[in-house]
Amino acid sequence: FFCLNTSLKKTQMAAIRTVGELLKFQTLRTIRPEHTIEMCSTFMLSNDIARLPVVDEDGSLSGVISERDIRIALSIPYVHPTYLRQPKYIEKAQSIKVEDAMTPRPQVVSLEANSTIKEAIHLMNLRNIRGLPILEKSNVIGMLTHQNLLEHMLVLLSE
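Residues numbered from 1 in each chain as written. Predicted model: local features only at pLDDT ≥ 70, side-chain atom pairs only at ≥ 80, totals over all residues. Heavy atoms only, no water.

### Let's talk about the overall build of the protein
Defined as follows: The helix and strand labels rest on DSSP assignments: H or I over at least four residues marks a helix, E over at least two residues marks a strand, and numbering proceeds from the N terminus. Burial classes: relative accessible area under 20% of the type maximum marks a residue as buried, over 50% as exposed, and values in between as partly exposed (1.4 Å probe, protein chains only). We call two residues in contact when some of their heavy atoms are within 4.5 Å. With residues, only the protein chains shown are counted as cover, and all accessible areas are computed by Shrake-Rupley using a 1.4 Å probe.
When helices and strands are counted, the protein shows 8 helices and 6 strands. Written out in order from the N terminus, the α and β elements of the protein read α-α-α-β-β-α-α-α-β-β-α-β-β-α. Sorting the 159 residues of the protein into buried and exposed places 44% on the buried side. Sequence-distant contacts, at least 24 apart, represent 59% of the contacts inside the protein between residues at least 6 apart. Of the accessible surface of the protein, which amounts to about 9100 Å², a share of 51% is contributed by carbon and sulfur atoms.

### Quick notes on the sheet that holds strand S6 (residues 139-145)
Counted only if it meets this: Two strands form a pair only when DSSP identifies at least two bridges running between them. What counts as an axis is a line fitted to C-alpha atoms, over the stretch in contact for a helix, and the angles between N-to-C directions run from 0 to 180 degrees.
On the basis of which strands lie adjacent, the open sheet formed by 3 strands has the order S4-S5-S6 and mixed pairing. The open sheet is flanked by strand S4 (111-112) and S6, the only strands paired with a single partner. Sheet topology note: the S4/strand S5 (residues 131-136) ladder contains 2 bridges and is parallel. Residue pairing across strands places Glu112 opposite Leu135, the latter belonging to S5. Most of the contacts of helix H7 (residues 117-127) go to S5, to which it runs at about 140 degrees, and overall it touches S4, S5 and S6.

### Some points on the pattern of salt bridges
Selection criterion: For this document, the term salt bridge refers to a Lys or Arg side-chain nitrogen within 4 Å of an Asp or Glu carboxyl oxygen.
All chains considered together, the criterion is met by 2 salt bridges. For Glu57, the salt bridge goes to Arg32, with nearest N and O atoms at 3.7 Å. With Glu57 in the loop between strand S1 (51-55) and strand S2 (61-66) and Arg32 in the loop between helix H2 (19-22) and helix H3 (37-47), this pair connects stretches of sequence that are 25 residues apart. Its relative accessible area of 27% is what places Arg32 among the partly exposed residues. Here the salt bridges share partners, and the residues they tie into one network are Arg32, Glu34 and Glu57.

### Regarding the sheet that holds strand S3 (residues 103-104)
With antiparallel pairing, the 3 strands of this open sheet are ordered in space as S1-S2-S3. Strands with a single pairing partner mark the edges of an open sheet, and in this sheet they are S1 and S3. Contacting S2 and S3, helix H4 (residues 67-74) runs over the sheet at an angle of about 75 degrees to S2.

### As for the pairing of S5
Across the 6 residues of S5, 5 count as buried, placing the element largely inside the fold. Looking at chain direction, S5 and S6 are connected through 6 bridges and run antiparallel. From the neighbouring strand, Ile134 faces S6, where its bridge partner is Gly142.

### Comments concerning unusual backbone geometry
Trans is the common state for peptide bonds, and a negative phi is the common state for residues other than glycine. Despite not being glycine, Asp48 has its phi angle at roughly 55 degrees, a positive value. The backbone of Ser75 sits at a positive phi, close to 55 degrees, despite the residue not being glycine. Mapped onto the elements of the fold, Ser75 is located in the loop between H4 and helix H5 (87-95).

### Things to note about the side chain of Thr36
In this structure, Thr36 sits in the loop between H2 and H3. With a relative accessible area of 16%, Thr36 lands in the buried category. Setting aside chain neighbours within four positions, we find Thr36 in contact with Ala93, Gln94, Ile96, Lys97 and Val98.

Below is the structure:
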């Protein structure tokens, strides 16, 4: 989901102050509300993603879907590739739309792209959030995760 640009020098990384600047090095992956959770979970598993922003046709944030949301919708203890091969889960996953399993927009905590990295860390820690949609106006430009922040800090702390 996030691919750190290792060609950046420590001084360039130190110059990054906003979450929008940090996410310039991330490939944005999203899903639409009308897709099925079978399609969503397959995509998440194949890309090693734990959560996805759900966007409408204009790219505006509709919600977020996570592995936890999918587990709850399918009544399974955990998401694992093997469950997709079990007929009882395949049929159910194909019948449930992402919009019916996701956390909807009013309940999703997000930040604007011009927010500082410090603000993001504070909010994620305070609200116990593992993935934070980053918006420019109402359009999603990325999903900030703990991993993004740790990789950024690792570069800054390296010699």
